[in-house]
Amino acid sequence: MRRTRFWALGLVLAASVGCSSGVKCVPVSGSVKVNDKPAQGLLVTLVPTAGKDDPSARPGGVVGADGTFELSTYDAATRTAVKGSPPGKYKVILSWIPESRPGDPVNPNPTGKPPGDKLGGRYLDPERSTYEVVVKDGPTKLEPIALTLR
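Below is a short write-up of the structure.

1. Considering the packing of aromatic side chains
So, step 1. Using the criterion set out here, one finds one aromatic pair in the structure.
So, step 2. Aromatic pair Y123 and Y131: ring centres 6.3 Å apart, planes at 45°, arrangement tilted.
So, step 3. We classify Y131 as partly exposed; its relative accessible area is 22%.
So, step 4. One cation-aromatic arrangement involves K118 over W96; the distance from NZ or CZ to the ring centre is 4.2 Å.

2. Comments concerning the pairing of strand β9 (residues 132–135)
So, step 1. Here β9 shows a buried face lined by V133 and V135 and an unburied face lined by E132 and V134.
So, step 2. Relative to β9, strand β8 (residues 88–95) runs antiparallel, the two being bridged by four bridges. Bridge pairing in β9 links K89 to V134.

3. Structural notes on the pairing of strand β1 (residues 28–34)
If a strand is regular, its side chains alternate between the two faces of the sheet.
So, step 1. Only one face of β1 is covered, namely the one carrying V28, G30, V32 and V34; the face carrying S29, S31 and K33 has none of its residues buried.
So, step 2. Both β1 and strand β10 (residues 140–141) contribute to a ladder of two bridges, which runs parallel. For V28, the partnering residue across the bridge sits in β10 and is T140.
So, step 3. Inspection of the sheet shows β1 paired to strand β5 (residues 68–70) by three bridges, in the antiparallel sense. Directly across from S31, in β5, lies its bridge partner T68.

4. Some points on the side chain of S129
So, step 1. Positionally, S129 belongs in the loop between β8 and β9.
So, step 2. In this structure, S129 is in contact with K91 and V92, ignoring residues within four places of it in sequence.

5. Considerations on the environment of P38
So, step 1. Inspection of the secondary structure assignment puts P38 in strand β2 (residues 37–38).
So, step 2. Judged by relative accessible area, which is 35%, P38 ranks as partly exposed.
So, step 3. C-alpha of P38 to C-alpha of G67: the two residues are 29 residues apart in sequence and 4.0 Å apart in space.

The rules behind each value
Residues numbered from 1 in each chain as written. Predicted model: local features only at pLDDT ≥ 70, side-chain atom pairs only at ≥ 80, totals over all residues. Heavy atoms only, no water. Phe/Tyr/Trp six-rings, centres within 6.5 Å; stacked < 30°, edge-to-face > 60°. Buried < 20%, exposed > 50% of the residue type's maximum accessible area, 1.4 Å probe, protein only. Lys NZ or Arg CZ within 6 Å of the ring centre and 35° of its normal. Helix = DSSP H or I, 4+ residues; strand = E, 2+ residues; numbered from the N terminus. Pairing = 2+ DSSP bridges. Contact = heavy atoms within 4.5 Å.

Put into structure tokens, the structure is as follows:
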């Protein structure tokens, strides 16, 4: 679990551009359920639909035990994560890497490959994403995302 949180936080913090240099960020929250259960540990990332897309500047957040998330964007000027996202239109991409717990083997997959996305990579391509959102110029609560896995 710590490794997953560290990985997700690293993606959010690894950004080199974000809500800095006068770019306004507004609070953004939402929720994700998979098979009607909270998708704890799932990473939600927004990809802008207009302008230049810099993967390091994408707002993101990790879903908590209650199924909710809040987005943050990295501020390169202060080297900190800023709560929120710049207003705009975005595609949503999702990834859900299995959580590891203390005492778990480093790589439980017998093939030697790292554990993959529980969603099978279906929601990683912004070009194919069916989830589009608009972050308003003020606090924004996104529509709930409900996924079904077999």
